[in-house]
Amino acid sequence: MKILVALKQVPARDSLLRIDASGRWLDESDLSFEINEPDAYALEAALQLKEQHGGEVVVLSAGPERAVSAIREALAKGADRAIHVEQENLGEFDTLSLAKLLAAAASSEKADLILTGLQSDDLGSGQTGVIMAELLGLPHATIIMAVEASGQGVRVKRELEAGWFQHVSMPLPAVLTIQSGINKLRYATLMGIKKAKTKEVRKLTAAELGVQPESSVSLLRIYQPKRVKQTQMLAGAPAEQAAQLVEKLKFEARVI
Amino acid sequence: MSGILVLTEQSSGAWHPMSFEALAAGIQLGRDLSLPVTACVFGRGVSGLASELAGRNVQAVVALEHEALGQYTADAAVAAIEWLVRDLQPDYVLLPHTYQVRDFAPRLATRFGRVLLSDTTGYTIESGAAVFQRQLFQGKLTADFAFQAPAPNFVSIQAGAFRADALESDAASVSEKAPVLNVSSLRQHPEAPFREAARAVDLSAAERIVAVGRGIQEEGNIPLVQELADAFGAELAASRPICDNGWLPMERQVGSSGQTVAPKLYLSVGISGAIQHLVGMKGSRCVVAINKDPEAPIFEIADYGIVGDLFDVVPALTEAVKKARS
Ligand SMILES: Cc1cc2nc3c(=O)[nH]c(=O)nc-3n(C[C@H](O)[C@H](O)[C@H](O)COP(=O)(O)OP(=O)(O)OC[C@H]3O[C@@H](n4cnc5c(N)ncnc54)[C@H](O)[C@@H]3O)c2cc1C
Ligand SMILES: Nc1ncnc2c1ncn2[C@@H]1O[C@H](COP(=O)(O)O)[C@@H](O)[C@H]1O
């Protein structure tokens, strides 16, 4: 079974986010980066399917040069090889043209299964995998919490709202978007890290793939959210903050 | 037609409540842009639901009926709604940002060579055109987006972004339409929805909840917040990553895929305040947030906020609460 995992490198979760001079993106100079959380779960799901069924796990990532570190981490965890669509100006691609870029890179691989995360931590559009499925003419399912592959098909557990689930079956090849928590993530071993250095990372560019940036929607500006509620911030040392809060909860909010 | 098409959501004849929030967004946008609004409900046997929509201040209602829409599949939903959008030719298609919409709407927009603006929180009018807001970085920043492509343009609306007022008006006309579907081309085969084993705790009945998030760092630190919860006489709840890691059982998860709660007191510890968490607890009467990041989105909805390291604040608070309640 050949499984392609679309993996995005995003700013680390606890980063201090500073808006850059253009007002349209972040100042990346003091950011650190990591693998988008659900994508790490998608990779783990792929590695487990390979352990059950044999085959190959190929990582696909579009991003600037720095994305190599995310790719190497995935290879160290056990992916067999990678495709890096190296592109500095990804911000010029809207969701559709970005998906076109990934679909173009994926199409020649003819994978049995394409896994993506359900949503990126930075843009959060939650769409790239579903659009890729449409562009590639493949069936899809989203917010997946379990994958059983058998012969020509796949049976998945979709998360619905408020604690409900549903099983759905479909033929392969297919695209699935994976939800965080589907499995337990593994760590890279020292051996894995060493081996990763020798694994193939194929570089491609948008020009080579024949995909142009498009903007059916354009990002005009980014800014700090506007506060809707008047929050009383309690200052002081921890003991003072605690004492003030207890006062407020007792006499103002009357909840204790 | 030019106008706004609002797609509502139902399953087995029951409305998804976010349908009416999307409808409110559509009605407001229609007023601002002087465009008529059509509301659509799709499924099998939906004419009764369609007549309910007719009293909701819209200009027209469509009941989109087909055998193959009886149980939701992405392929059937995309094909049926594609057919309707080609038939009606609206300027905007608005949808509630439900899990079902996440599943089919990106594919639908792609059929038209368009981009869905997903999970929008509102819009402003700039030079006569709508500019939509979305959250980036899990709510830490907001972005303004504008459509550059001709109609149809697709927008989904975040939970809680618009108020679902029950506006009454003269009844709009209801038309029934049957999309042309190639049933043999539908690829997903769904089974019946189910819940995991019965829940041992019912957080929705709790008067006080102390909820813990990833700021707690490791499983071994959970007892720290358990003690705080005990001091308050509160139930312990958690954000998703805590349950994903197995540090607390799934049944204690609050949010869109967990429980919805509305206690008198909701005290969050080391939770950032992503929308999927907020939708599960926004109805709480008094919200307290403890977080080391003053910019954490949870502070946008908190009544009382403490910026600080939870490992200092929580023990101090546990002591203070014990003293106050003894
Ligand atoms: C379809 C879908 C469904 C989802 N359903 C749910 C759901 O039902 N429930 C849910 O909760 N999430 C859900 N999520 C996930 C959600 O988007 C967030 O990822 C999640 O809520 C984040 O959890 P968190 O706030 O605990 O972690 P983080 O976002 O990592 O936040 C941790 C916070 O702790 C603070 N912190 C760190 N260290 C300290 C310290 N020492 N002292 C004080 N503060 C500290 C940080 O400043 C940060 O704000 C869902 C996501 C998707 C896409
Ligand atoms: N630049 C990228 N490179 C590789 N995969 C990506 C990229 N952007 C998005 N994806 C995949 O698409 C998923 C959803 O992203 P999004 O639609 O931006 O929320 C992510 O979890 C990734 O699996």
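Residues numbered from 1 in each chain as written. Chains lettered and ligands numbered in written order. Predicted model: local features only at pLDDT ≥ 70, side-chain atom pairs only at ≥ 80, totals over all residues. Heavy atoms only, no water.

**Describing the overall build of chain B**
- Helix and strand counts for chain B come out as eight helices and 18 strands.
- When its C-alpha atoms are laid out on the principal axes, chain B stretches across 65 × 50 × 35 Å.
- Taken across its 326 residues, chain B has 61% of its residues classed as buried.
- Excluding contacts between residues fewer than 6 apart, the proportion of contacts in chain B whose partners are at least 24 apart in sequence is 65%.
- For chain B, the exposed area adds up to about 12200 Å²; of that, 48% sits on carbon and sulfur atoms.
- The averaged location of the 36 negative side-chain charges in chain B is 1 Å from the averaged location of its 26 positive side-chain charges. (Helix = DSSP H or I, 4+ residues; strand = E, 2+ residues; numbered from the N terminus. Buried < 20%, exposed > 50% of the residue type's maximum accessible area, 1.4 Å probe, protein only. Contact = heavy atoms within 4.5 Å. Areas by Shrake-Rupley, 256 points an atom, 1.4 Å probe, with all protein chains shown as cover. Lys, Arg positive; Asp, Glu negative; His and termini not counted. Charge placed at Lys NZ, Arg CZ, Asp CG, Glu CD.)

**So, the site of ligand 2**
Residue and element names in this part refer to chain A.
- Around ligand 2 lies a shell of 20 residues, among which A6, D39, S120, G126 and T128 are the nearest.
- In the model, a nitrogen atom of ligand 2 is placed 3.5 Å from a nitrogen or oxygen of the L7 main chain.
- For ligand 2, whose unbound accessible area comes to 490 Å², protein coverage reaches 99%.
- Elements with a contribution of two residues or more to the shell around ligand 2: β4 (56–63), α3 (95–107) and β6 (113–117).
- For the shell around ligand 2, the leading source of residues is β4, giving three residues.
- Grouping the amino acids of the shell around ligand 2 by side-chain chemistry returns seven nonpolar, 11 polar and two charged. (Near = heavy atom within 4 Å. Polar contact = N/O pair within 3.5 Å; in protein donor to acceptor, adjacent residues only side chain to side chain. Nonpolar A, V, L, I, M, F, W, Y, C, P; charged D, E, K, R; others polar.)

**A look at the packing of aromatic side chains**
- Applying the stated criterion across every chain yields a total of 11 aromatic pairs over all chains.
- Here W25(A) and F137(B) contribute two aromatic rings whose centre-to-centre distance is 5.6 Å and whose plane-to-plane angle is 45°, an arrangement assigned as tilted. You can see W25(A) sitting in the loop between β2 (9–11) and β3 (33–35) and its partner F137(B) sitting in the loop between β8 (129–136) and β9 (141–147), one on each of two chains.
- Given the relative accessible area of 24%, W25(A) is considered partly exposed.
- Pairing F112(B) with F154(B) gives two aromatic rings, centres 5.6 Å apart and planes at 40°, and the pair type is tilted. Residue F112(B) is located in the loop between α4 (99–111) and β7 (116–126), and its partner F154(B) is located in strand β10 (residues 153–157); the two are separated by 42 residues in the primary sequence.
- Exposure remark for F112(B): the relative accessible area of 13% places this residue in the buried category.
- Judged by relative accessible area, which is 0%, F154(B) ranks as buried.
- Connected via pairs of aromatic rings, a cluster forms that spans Y92(B), Y123(B), F132(B), F147(B) and F162(B).
- Stacked on the ring of F33(A), the Lys or Arg R66(A) has its end atom at 3.8 Å from the ring centre.
- The ring of F165(A) has K157(A) lying over it, and the distance from NZ or CZ to the ring centre is 4.4 Å. (Phe/Tyr/Trp six-rings, centres within 6.5 Å; stacked < 30°, edge-to-face > 60°. Lys NZ or Arg CZ within 6 Å of the ring centre and 35° of its normal.)

**Quick look at the pairing of strand β1 (residues 4–7) of chain B**
All names here are of chain B.
- Residues I4 and V6 of β1 are buried on one face, and the alternating residues L5 and L7, pointing to the opposite face, are buried as well.
- Pairing analysis gives four bridges linking β1 to strand β4 (residues 37–43), with the strands arranged parallel. Counted as the bridge partner of V6 is A39 from β4. (Pairing = 2+ DSSP bridges.)

**As for the sheet that holds strand β15 (residues 235–238) of chain B**
- With parallel pairing, six strands are arranged side by side in an open sheet as β13(A)-β18(B)-β17(B)-β16(B)-β14(B)-β15(B). Here the strands that pair on one side only, and so sit at the sheet edges, are β13 (232–233) of chain A together with β15 of chain B.
- As defined by bridge partners, strand β16 (residues 265–269) of chain B adjoins strand β17 (residues 286–291) of chain B across five bridges and the pair is classed as parallel. Paired with Y266(B) across the two strands is V287(B), which belongs to β17(B).
- Set on the sheet, helix α5 (residues 222–232) of chain B makes contact with β14 (208–212), β15 and β16 of chain B; between it and β14(B) the angle comes to about 170°. (Axes fitted to C-alpha atoms, helices over the stretch in contact; angles between N-to-C directions.)

**Notes on the domain arrangement of chain B**
All names here are of chain B.
- By the assigned domains, chain B splits into domain 1 (4–191) and domain 2 (198–325).
- In this structure, domain 1 and domain 2 have C-alpha centres spaced 34 Å apart.
- Here domain 1 meets domain 2 over a buried area of about 680 Å², counting both sides, of which 49% is carbon and sulfur.
- Interface area lost by domain 1 to domain 2 is led by Y99, Q138 and K140, which between them contribute 51%.
- For the pair domain 1 and domain 2, the number of links is zero salt bridges.
- On inspection of domain 1 and its partner domain 2, the count reaches two residue pairs in polar contact (both at pLDDT 80 or more).
- Its residues placed into classes, the side of domain 1 that touches domain 2 shows two nonpolar, five polar and three charged. (Domains from an automatic or database assignment. Buried area = accessible area lost by both parts, 1.4 Å probe. Salt bridge = Lys/Arg side-chain N within 4 Å of Asp/Glu carboxyl O.)

**Let's talk about α3(A)**
Residues and elements named next belong to chain A.
- Taking 1.5 Å per residue, 13 residues should reach 18 Å; α3 reaches 18 Å between its end C-alpha atoms and fits that length.
- Across the 13 residues that make up α3, a large majority, 10, are buried.
- Buried within α3 are the following residues: T95, L96, S97, L98, A99, L101, L102, A103, A105 and A106. (Expected span 1.5 Å × (residues − 1).)

**Looking at the nonpolar core**
- Core analysis: the largest hydrophobic core is formed by 71 residues, its most contacted members being L101(A), L29(B), Y92(B), L94(B) and F132(B).
- It is helix α1 (residues 18–33) of chain B that contributes the most residues to this core, eight residues altogether.
- Membership of the second largest hydrophobic core comes to 38 residues, among which are V246(A), A234(B), W247(B) and L310(B). (Core = buried A, V, L, I, M, F, W, Y, C linked by side-chain atoms within 4.5 Å.)

**With respect to helix α3 (residues 74–88) of chain B**
Residues and elements named next belong to chain B.
- Taking 1.5 Å of rise per residue, 15 residues should cover 21 Å, and α3 covers 21 Å from first to last C-alpha, within 8% of that figure.
- Within α3, 11 of the 15 residues are buried, leaving the element largely enclosed by the surrounding structure.
- For α3, the set of buried residues is A74, D75, A76, A77, V78, A80, I81, E82, L84, V85 and L88.
- Phi turns positive one or two residues past the end of α3, at Q89, with a value near 50°.

**Here's the deal with the pattern of salt bridges**
- For the structure on display, the rule yields 32 salt bridges over all chains.
- R155(A) is the partner of E191(B) in a salt bridge, and the nearest nitrogen-oxygen pair spans 2.8 Å. A residue pair is termed interchain when its members come from two chains, as with E191(B) in the loop between β12 (189–190) and β13 (194–195) and R155(A) in strand β8 (residues 153–159).
- Overall, the relative accessible area of 30% leaves E191(B) in the partly exposed class.
- Owing to a relative accessible area of 26%, R155(A) belongs among the partly exposed residues under this scheme.
- A single salt-bridge network, built from bridges that share partners, covers E134(A), E82(B), R86(B), R107(B) and R111(B).

**A closer look at the sheet that holds strand β12 (residues 217–223) of chain A**
- The 10 strands lie next to each other as β12(A)-β9(B)-β8(B)-β7(B)-β10(B)-β6(B)-β1(B)-β4(B)-β5(B)-β11(B), forming an open sheet whose pairing is mixed. Of all strands in the sheet, those bounded by a partner on one side alone are β12 of chain A together with β11 (173–177) of chain B. Within the sheet, the average angular offset between the axes of one strand and its neighbour, ignoring direction, is 35°.
- Sheet topology places β4(B) next to strand β5 (residues 60–65) of chain B; six bridges connect them, and they run parallel.

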